[in-house]
Every structure is written in C-alpha cells, then in structure tokens.
Amino acid sequence: MQYPWKHAFHSGMSSSSDLRAAIQAGVPVGVVANLLTNAQVFLALPKYLNGGGMVFVDSGAFTAFQKREVMKWNKVFFTYDALINQTDFPCNLSIVAPDVVGDQAATLGLWHEHATQISGWIERGVRVIVPLQKGALSAGSMLEKATEIFKTSRFAAGIPSNLEALTAADCSTLWHQDFHILGRVKITPDLSLKLQALSKNNPGAQFTSDANWLRSRLKKISSMQTTRLDMRYQVETRRTQAVRAVLDFDAYMCAVRI
C-alpha cells in the first residue's frame with residue numbers, strides 16, 4: 001500500500017545558504033528556532049509562508065536533550081511570535097510546543113506554565129505540534145491532558161520517532177485528527193506499525209513528518225559544489241546551488257510505499 005504524507009518537511013535547513021536553496025526548490029522547509037537569523041525570521045521565512053510555502057520550526061529541545069543543555073524557551077518563543085506576526089498565512093506554519101524529551105511529567109509542567117501562550121498560537125491559526133512523551137500516563141491520556149490544558153483539540157499530536165519514542169501500542173491509544181511524526185520521513189518497519197495503529201483508530205486523519213534531509217546527502221552536495229551548476233542561479237553561493245541541484249532530483253516524496 002502507499003502511505004501519503006500531506007507534507008514531509010526537509011529539516012536541517014537553518015543555515016542561510018541551505019534555506020535559500022530549499023525556498024528556491026519550493027519544498028516544505030524545516031528549521032530550528034534558535035539557529036535562525038533575524039533576516040530569516042523577519043524576511044525570508046514570512047515571504048515564503050505568504051507565497052504558499054510550508055514551514056516547520058523545531059524548538060531545538062531534542063538537540064538540547066542530546067547535549068544536556070538547558071533550553072532557553074524565551075528565545076524560542078520570541079522566534080515563534082516573530083514569525084507569526086510577520087506572516088498573513090499562519091496556517092502554513094507548524095511549530096513544536098515546549099517539551100522535555102522522555103519526560104512526560106516535565107513536559108506537562110511546561111504546558112501548564114505556558115498554556116496561555118500556546119493556546120494563543122493555536123487561536124491565531126498556527127499548527128502547533130504537541131509532542132507526546134512516554135511516562136505514567138498512556139499516550140491517549142496525555143493527549144486528553146493537552147486538550148484540557150489548551151482548551152482545544154485543534155493541534156497536531158507529535159509522535160517522537162527517535163530516543164524515548166512511543167511504541168505502536170502507545171499509538172493505538174490515540175484518537176485524533178492531526179498527527180506529526182517527529183524526526184522521521186522514511187518509513188521503517190517500526191514506523192509502519194505505528195502508522196497502521198494510528199490509521200486504524202483515525203481514518204481520514206492528516207499525517208505529516210520531518211527529518212534532517214541534509215545529513216545523509218552531504219557527499220552528494222559536496223560533489224555538486226565542484227561541478228558547473230545551473231546558470232540561472234549563478235549569483236548564489238556554490239553551496240546554495242549544490243543543495244538546490246540535489247533537491248531537484250532527491251527531495252522527499254509525499255507518498256512513501258509501506
């Protein structure tokens with residue numbers, strides 16, 4: 001069978017050269033809030049959103065978890081708010097709500113602490129992705145808690161796919177209309193089981209995903225930087241030209257066979 005992502009975001013595009021290439025290619029873009037420049041936040045990304053481009057902004061919590069760093073949520077929220085204020089199409093913007101990887105109780109604490117701000121983003125039409133972490137509560141119960149805290153169910157349920165990920169059994173406890181797979185686009189056997197569990201309970205639900213597109217393509221991009229590229233983009237850096245060239249034949253597809 002085929003499983004269609006509504007959008008598969010090309011994450012890892014936070015640098016100026018890479019983001020410019022992704023925007024030129026017109027693909028769904030994934031960036032990290034605390035890595036963006038003012039020019040990207042106030043000009044490039046809002047322009048892309050207003051032109052119909054789809055943008056996913058990660059909080060950076062997973063990287064902080066890996067590096068054992070403390071999250072600076074005020075900086076993340078500033079970026080979120082700036083992007084929302086600069087675009088006429090907040091519905092094209094997906095942002096990740098605050099969370100602590102692998103810590104359900106701490107994540108719920110953050111949701112309570114910032115409930116007013118998160119609810120405000122939802123009310124303004126932004127697609128807020130709420131990461132469901134493992135813990136004492138089932139995934140379904142945590143989803144219910146999110147609905148209680150934010151006083152709405154108009155958000156996307158985030159399904160972690162890396163460390164501390166939910167299992168297919170966890171996914172079978174979820175009833176919702178919008179899901180985002182955090183950190184994986186390619187459908188592995190494990191992810192296939194999770195998607196089947198989610199689809200069984202939620203026929204017609206929307207599914208999106210994101211994954212770092214650049215990491216596994218650096219060799220291709222490096223090779224492209226040494227070749228003669230499309231003259232239409234000769235005013236761009238060779239890095240931008242190379243990333244754009246690779247995107248032209250190796251972007252994520254919206255339908256992946258499972």
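Rules used in this analysis
- Residues numbered from 1 in each chain as written.
- Predicted model: local features only at pLDDT ≥ 70, side-chain atom pairs only at ≥ 80, totals over all residues.
- Heavy atoms only, no water.
- Helix = DSSP H or I, 4+ residues; strand = E, 2+ residues; numbered from the N terminus.
- Rg over C-alpha atoms; globule rule 2.2 N^0.38 Å.
- Contact = heavy atoms within 4.5 Å.
- Lys, Arg positive; Asp, Glu negative; His and termini not counted.
- Charge placed at Lys NZ, Arg CZ, Asp CG, Glu CD.
- Phe/Tyr/Trp six-rings, centres within 6.5 Å; stacked < 30°, edge-to-face > 60°.
- Patch = residues over 30% accessible without salt bridge, like charges linked within 9 Å, V, L, I, M, F, W, Y side chains within 5 Å.
- Areas by Shrake-Rupley, 256 points an atom, 1.4 Å probe, with all protein chains shown as cover.
- Salt bridge = Lys/Arg side-chain N within 4 Å of Asp/Glu carboxyl O.
- Buried < 20%, exposed > 50% of the residue type's maximum accessible area, 1.4 Å probe, protein only.
- Axes fitted to C-alpha atoms, helices over the stretch in contact; angles between N-to-C directions.
- Parallel < 35°, antiparallel > 145°, perpendicular 65-115°, else oblique.
- Left-handed = near helix turned anticlockwise from the far one by under 90°.
- Polar contact = N/O pair within 3.5 Å; in protein donor to acceptor, adjacent residues only side chain to side chain.
- Expected span 1.5 Å × (residues − 1).
- Pairing = 2+ DSSP bridges.
- Right-handed = clockwise from strand over helix to strand, strands pointing away.

Q: I'd like a description of the overall build of the protein, backed by residues and values.
A: Of regular secondary structure, the protein possesses 11 helices and 10 strands. Computed over C-alpha atoms, the radius of gyration of the protein comes to 18 Å, within 12% of the 18 Å expected from 2.2 N^0.38 for 258 residues, which places it in the range of a compact globule. Oriented by its inertia axes, the alpha-carbon framework of the protein measures out at about 55 × 40 × 35 Å. Intrachain contacts of the protein at a sequence separation of at least 6 include 70% that bridge at least 24 residues. A gap of 7 Å separates the mean positions of the 27 positive and 20 negative side-chain charges of the protein.

Q: Outline the packing of aromatic side chains, supporting the account with residue identities and numerical values.
A: Counted according to the given criterion, the structure contains nine aromatic pairs. By way of ring pairs, the aromatic residues Trp73, Phe77, Tyr80 and Trp121 are connected into one cluster.

Q: Could you give an account of a nonpolar patch on the surface, naming the residues involved and the relevant values?
A: Taken together, Phe42, Leu43 and Phe78 make up a surface patch of nonpolar side chains, about 320 Å² in accessible area. Mapped onto the elements of the fold, Leu43 is located in helix α2 (residues 38–50).

Q: Account for the environment of Asn38, naming residues and giving values.
A: Note on placement: Asn38 falls in helix α2. For Asn38, a relative accessible area of 56% gives the class exposed. For the pair Asn38 and Thr79, spaced 41 residues apart in sequence, the C-alpha to C-alpha distance is 9.0 Å.

Q: For the environment of Leu93, give the residues involved together with the corresponding values.
A: Positionally, Leu93 belongs in strand β5 (residues 93–96). On a C-alpha basis, the gap between Leu93 and Phe56 in space is 6.1 Å, while along the polypeptide they are 37 residues apart. If we skip the residues at most four places from it in the chain, Leu93 touches Leu49, Val55, Val57, Leu83, Ile84, Val126 and Arg127.

Q: Describe the packing of helix α1 (residues 16–25) against α2, naming the residues involved and giving the relevant values.
A: Contact geometry of α1 with α2 gives a least axis separation of 11 Å together with a crossing angle of 15°. Comparing their axes, α2 and α1 come out roughly parallel. Both α1 and α2 take part in a crossing whose hand is left-handed. Counted together, Ser16, Leu19, Ala22 and Ile23 of α1 and Gln40, Ala44, Leu45 and Tyr48 of α2 form the full contact between these two elements.

Q: Go over the side chain of Ser14, please, and point to the residues and values.
A: Looking at the element boundaries, Ser14 is found in the loop between β2 (7–11) and α1. A residue is classified by how much of its surface remains accessible, and Ser14, at 9% relative accessible area, is buried. Among the polar contacts made by the side chain of Ser14, one reaches the main-chain amide nitrogen of Val32 at a distance of 3.0 Å.

Q: An account of unusual backbone geometry is needed here, citing residue identities and associated values.
A: A positive phi angle, close to 60°, is found at Arg68, a residue other than glycine. A positive phi is found at Lys151, a non-glycine position, where the angle reads about 60°. For Lys151, a relative accessible area of 73% translates into the label exposed.

Q: Go over the side chain of Arg244, please, and point to the residues and values.
A: Note on placement: Arg244 falls in helix α11 (residues 238–250). A polar contact of 2.9 Å, which involves the side chain of Arg244, links it to the side chain of Asp248.

Q: Tell me about helix α7 (residues 139–150), and please be specific about residues and values.
A: Side chains that are three or four residues apart share a direction in an α-helix, a result of its 3.6 residues per turn. Taking 1.5 Å as the rise per residue, α7 with 12 residues should run 16 Å; its terminal C-alpha atoms sit 17 Å apart, in good agreement. Within α7 the residues assigned to the buried category are Ala139, Gly140, Met142, Leu143, Ala146, Ile149 and Phe150. Buried residues in α7 make contact with α5 (104–113), α6 (115–123), β6 (127–131), β7 (156–160) and α8 (168–171).

Q: Account for α1, naming residues and giving values.
A: Turning to α1, its buried residues are Ser17, Asp18, Leu19, Ala21 and Ala22. If you follow the buried residues of α1, they end up packed against β3 (29–32), α2 and α11.

Q: Could you give an account of the pairing of β7, with specific residues and numbers?
A: Across the five residues that make up β7, a large majority, five, are buried. Where burial is concerned, the two faces of β7 agree: the one with Ala156, Gly158 and Pro160 and the one with Ala157 and Ile159 are both buried. In the sheet, β6 pairs with β7 via three bridges, with the strands oriented parallel. Counted as the bridge partner of Val130 is Ala157 from β7. In this fold, β6 hands off to α7, which returns the chain to β7; that crossover is right-handed. Sheet analysis places β7 next to strand β8 (residues 178–182), joined by four bridges and oriented parallel. Across the sheet, the residue bridging to Ile159 is Ile181, located in β8.

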